[in-house]
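Residue-level structural notes
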Amino acid sequence: MRKHATFAIATLFVWTLGSAVGAVVSGSSDASAEPSILVTSAHSGSFPRVGGNRPISILAIGSGARPYQDPARGLADSIHLIEIDPKGRRAVIVGIPRDSYVSIPGHGTSKINAAMAIGGPPLLIRTIERLGGIRIHYSALTSFWGLTSMIDQIGGLTVRVPFPMHDQYSRADFHAGVQRLRGAEVLAFSRDRHSLRNGDFGRSENGGRVFVAALRQFRLELREDPSVLLRWISAGMRSLSTDLPLRDVLRLAYLCSRIPPDQVQNVVLPGSAGSAGGLSIVRLGSVRSIFAQASRSAHVR
Amino acid sequence: MSPARPSARSSLIAVSIVLVAAVAFGAWVLRPETQGVGPVAQPPPPEHTPRFAFAVGRTGALPTTQLRIRKPVHYDPLLRLRGPSRAASRHTIASITRLYREAFLDPANWRAGAYDSAWHDLASAAGRQARRDLRVMTAGAAAGEAYLSISPRPSTIRTTVLLDRNGAPAFVMATVHFRALGRALAGTSNTMFESVGTFSLEHAGRRWVVVSYDVRRSDHRVEKPLPTSSVAATPSAESTP
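Reading guide: rules and limits
- Along every chain, residues carry numbers that run from 1 in the direction the sequence is written.
- For this description, chains carry letters from A and ligands carry numbers from 1, given in the order in which they are written.
- A pLDDT threshold of at least 70 governs which residues receive local features in this predicted model, and a stricter bar of 80 or more applies before side-chain atom pairs are shown or counted, although totals over entire chains, interfaces and linings include all residues.
- With hydrogens and water set aside, each side-chain value is computed from the structure's full complement of heavy atoms.
- Labels follow the DSSP assignment, with helices taken as runs of H or I lasting at least four residues and strands as runs of E lasting at least two, numbered in each case from the N terminus.
- Type-normalised accessible area, obtained with a 1.4 Å probe on protein chains alone, sets the label of each residue: buried when under 20%, exposed when over 50%, and partly exposed for intermediate values.
- What makes two residues a contact is simply this: any of their non-hydrogen atoms within 4.5 Å.
- Surface accessibility follows the Shrake-Rupley procedure with a 1.4 Å probe radius. Residue values consider only the protein chains on display as shielding.
- When a carboxyl oxygen of Asp or Glu lies within 4 Å of a side-chain nitrogen of Lys or Arg, that pair is called a salt bridge.
- The aromatic pairing rule takes the rings of Phe, Tyr and Trp, using the six-membered ring of Trp, and pairs them if the centres are within 6.5 Å, calling planes under 30 degrees apart stacked, those over 60 edge-to-face and the rest tilted.
- Along the chain, pLDDT gives the predictor's confidence residue by residue, from 0 to 100.
- For a helix, the expected span equals 1.5 Å multiplied by the residue count minus one.
- What we call a nonpolar core is a set of buried Ala, Val, Leu, Ile, Met, Phe, Trp, Tyr and Cys residues that are connected through their side-chain atoms within 4.5 Å.
- Should DSSP find at least two bridges between two strands, the strands are regarded as paired.
- For helices, the fitted line uses only the C-alpha atoms of the stretch in contact; every axis is such a line through C-alpha atoms, and the angle between N-to-C directions lies from 0 to 180 degrees.
- These descriptions rest on fixed angle ranges, namely under 35 degrees for roughly parallel, over 145 for roughly antiparallel, 65 to 115 for roughly perpendicular, and the rest for oblique.
- Charged means Asp, Glu, Lys or Arg here, nonpolar means Ala, Val, Leu, Ile, Met, Phe, Trp, Tyr, Cys or Pro, and polar covers whatever is left, Gly included.
- Each patch is assembled from residues with relative accessible area greater than 30% and no salt bridge, linking like charges that lie within 9 Å and nonpolar side chains (Val, Leu, Ile, Met, Phe, Trp, Tyr) that lie within 5 Å.
- Charged residues are defined narrowly, with Lys and Arg counted positive, Asp and Glu counted negative, and His plus the chain ends left uncounted.
- Taken as the charge centre is NZ of Lys, CZ of Arg, CG of Asp or CD of Glu, depending on the residue.

1. Remarks on the overall build of chain A
When helices and strands are tallied, chain A shows nine helices and 15 strands. In chain A, which comprises 301 residues, the share counted as buried stands at 55%. Looking at chain A alone, contacts between residues at least 24 apart form 62% of all its contacts between residues at least 6 apart. Surface accessibility of chain A: about 13,900 Å² in total, with carbon and sulfur atoms responsible for 55%.

What follows is the structure in structure tokens.
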């Protein structure tokens, strides 16, 4: 009986030893062998750059040409300088009142909107470069019907209308608040100056609001469906004249997708209303420092 | 000194046999389920790359030609692919298929955790970034230690071609939803790889190369089927373009 008990204990001991040996031979335990490379909610990306990290300066011009006129030879109805800092992922929109009374190279002093009618976008660009002491890299020109088409092709634009606007001339008829506007309504919102307290300055500011609204919507839609990038580019390119190569337009769109709307400043050149030769004009204040800050760091203090 | 009795010698031999048998039996019965870590227990790995192709969804081309008519246009002008734009779309699908095949399905790559062949159709900057994003862009550097096999599951791709002002294809954007099942060597669950990505391609000489990408991964675990049920890892599609 004693002999049997000794045998059983010895067997049990050897069995335990055997299982330990088995574990060592087989390697690691269950827990540590679970796949440890599960990737959840990870994200990566690579975005091409436009001209490296240097700030990019684009002049956006809205021509007031009528359908039978060449947009590049019409009066500039809206003028915005957009400075983008790719590195800082921010931008500033500098609105230039169209009635600004400035020196036009080779053509004396006149309203800035006349520069394009005299010498096309190149003369308008030279006028602003001289006014601000800056260099403008690219320009984009659209017309009333171009803007309308552009907005309609992207399915309308959600804009925050800052105050009630009712103006029979521009056909603006909006209550205050966030609303989805069709192309013709965006045009009316951008053109109205009669229902604004600060006239031409307010109109220029509203033009900047349209750019910021477009950026906000672009980013939102892009998050839902990345292919909207090309749809927006297509809508823009069909409705604009620009010296931006298509390749840079794509890079610029990628860059814009990475700029939060709250990192975009919307400023208007300061000045005062006046008159010259029977015309109502805007006499600009000291604007060189604004242009300098904008072009250096895409930010105006 | 008297010689050992035959009966005692027999008992000693019997006890020795029982002890050796007990050691062997214990080692066999109580071994952990992590078979496959040791080279003897591991079934022979499939060395071929599973056949794979994306199911192609909506494709089309977008023009950039300036509008000649001077009145507002209200429609979305997605055009049918034809000629060069169709070829551009096909090249793109082939490039992205190759990328995912090399990054997830080729056993030679994921077993070694080396994916250099996956970046063949990426422009230099995108390729550099992809090498840094190995964890998101591929099955992972440690996939060889974790998986028995990786097989494709139904995956989709759609392409949009942007035409330049002369009507020639300038860019292609591919939107991809890729899925593959990684059968784990151990544990109770497998891994479903899920990769949703957007790739922009530009024409470079005779090729279309990826100049930018935006890829999101959201893998999840799926329970392993019971041992009695038969498991067949089926490729998602017929053939590889």
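2. What about the pattern of salt bridges?
Residues and elements named next belong to chain A. Scanning the entire structure with this criterion turns up 18 salt bridges over all chains. Where Asp200 meets Arg203, a salt bridge forms, and the shortest distance between an N and an O atom there is 3.0 Å. Note that Asp200 and Arg203 are positioned in helix α6 (residues 199-224) at a spacing of three residues, about one turn of the helix. Using a relative accessible area of 9% as the deciding quantity, one classes Asp200 as buried. Arg203 gets classed as buried once you look at its relative accessible area, which sits at 6%. Here the salt bridges do not stand alone but share partners, grouping Asp77, Arg98, Asp99, Lys111 and Arg191 into one network.

3. Quick look at the environment of Arg296 of chain A
Relative to the helices and strands, Arg296 of chain A is located in helix α9 (residues 288-297). Distance in space between the C-alpha atoms of Arg296 of chain A and Gly155 of chain A is 35 Å, their sequence separation being 141 residues.

4. Here's the deal with the packing of aromatic side chains
All names here are of chain B. Applying the stated criterion to the full structure yields 13 aromatic pairs over all chains. With a centroid separation of 5.9 Å and an interplanar angle of 10°, the aromatic rings of Tyr100 and Phe104 are classed as stacked. Of this pair, Tyr100 and Phe104 both sit in helix α2 (residues 84-105), four residues apart, which is roughly one turn of the helix. Residue classification places Tyr100 among the buried positions, given a relative accessible area of 2%. Here Phe104 falls in the buried class, since its relative accessible area comes to 0%. Here Tyr147 and Phe193 contribute two aromatic rings whose centre-to-centre distance is 5.5 Å and whose plane-to-plane angle is 65°, an arrangement assigned as edge-to-face. With Tyr147 in strand β2 (residues 147-163) and Phe193 in strand β4 (residues 189-204), this pair connects stretches of sequence that are 46 residues apart.

5. Focus on the confidence of the model for chain A
On average, chain A scores 84 in pLDDT, and the residues at 70 or more come to 83%. Note that residues 11-36 of chain A has pLDDT below 50 and, in this model, 40 contacts with residues that lie over four places away or in other chains.

6. Focus: helix α7 (residues 228-239) of chain A
Residue and element names in this part refer to chain A. Taking 1.5 Å of rise per residue, the 12 residues of α7 would be expected to cover 16 Å, and the 16 Å separating its terminal C-alpha atoms lies within 8% of that figure. With 11 of 12 residues buried, α7 is to be regarded as a mostly interior element. The complete set of buried residues in α7 reads Val228, Leu229, Leu230, Trp232, Ile233, Ser234, Ala235, Gly236, Met237, Arg238 and Ser239.

7. Re the nonpolar core
Grouped together as the largest cluster of nonpolar side chains are 41 residues, with contacts concentrated most on Ile96, Tyr100, Phe178, Phe199 and Tyr213 of chain B. For this core, the secondary structure elements donating two or more residues are α2, α4 (124-132), α5 (134-137), α6 (143-146), β2, β3 (169-184), β4 and β5 (207-217) of chain B. Among the elements that take part in this core, α2 of chain B stands out by supplying eight residues, more than any other. Counting residues in hydrophobic clusters, the runner-up holds 35 residues, among them Ile56, Leu230 and Trp232 of chain A together with Leu62 of chain B.

8. Thoughts on unusual backbone geometry
All names here are of chain A. Residue Arg89 is not a glycine yet carries a positive backbone phi of 50°. Looking at the secondary structure, you find Arg89 in the loop between β3 (76-85) and β4 (90-96). A relative accessible area of 35% places Arg89 in the partly exposed class. Even without being glycine, Arg171 reaches a positive phi, approximately 70°. Its location among the elements puts Arg171 in the loop between β9 (165-167) and β10 (172-174). Classification of Arg171 by relative accessible area gives exposed; the value is 71%.

9. Here we look at the sheet that holds strand β2 (residues 56-63) of chain A
All names here are of chain A. As summarised here, the arrangement of the six strands in space is β12-β7-β2-β3-β4-β13, forming an open sheet in which the pairing is mixed. Two strands lie at the open edges of the sheet, namely β12 (241-242) and β13 (264-268), each paired on one side alone. Direction of pairing for β2 relative to strand β7 (residues 138-142): parallel, over a ladder of five bridges. Each residue of the ladder has a partner; that of Ala60, found in β7, is Ala140. Most of the contacts of α6 go to β13, to which it runs at about 165°, and overall it touches β2, β3, β4 and β13. Where α9 meets the sheet, it contacts β3 and β4, and its direction lies at approximately 150° from that of β4.

10. Digging into the packing of α6 of chain A against helix α8 (residues 246-257) of chain A
Residues and elements named next belong to chain A. Closest axis-to-axis distance for the α6/α8 pair is 9 Å, and the angle between their directions is 90°. Between α6 and α8, the interaxial angle falls into the category roughly perpendicular. The segment α6 lies against α8, with Leu215, Phe218, Arg219 and Leu222 engaging Ala253, Cys256 and Ser257. Here the contact of α6 with α8 is composed, by residue class, of five nonpolar, one polar and one charged.

11. What about a positive patch on the surface?
On the surface, Arg80, Arg82, Arg86 and Arg90 of chain B cluster together to form a positively charged patch. In this structure, Arg82 of chain B sits in the loop between β1 (55-62) and α2.

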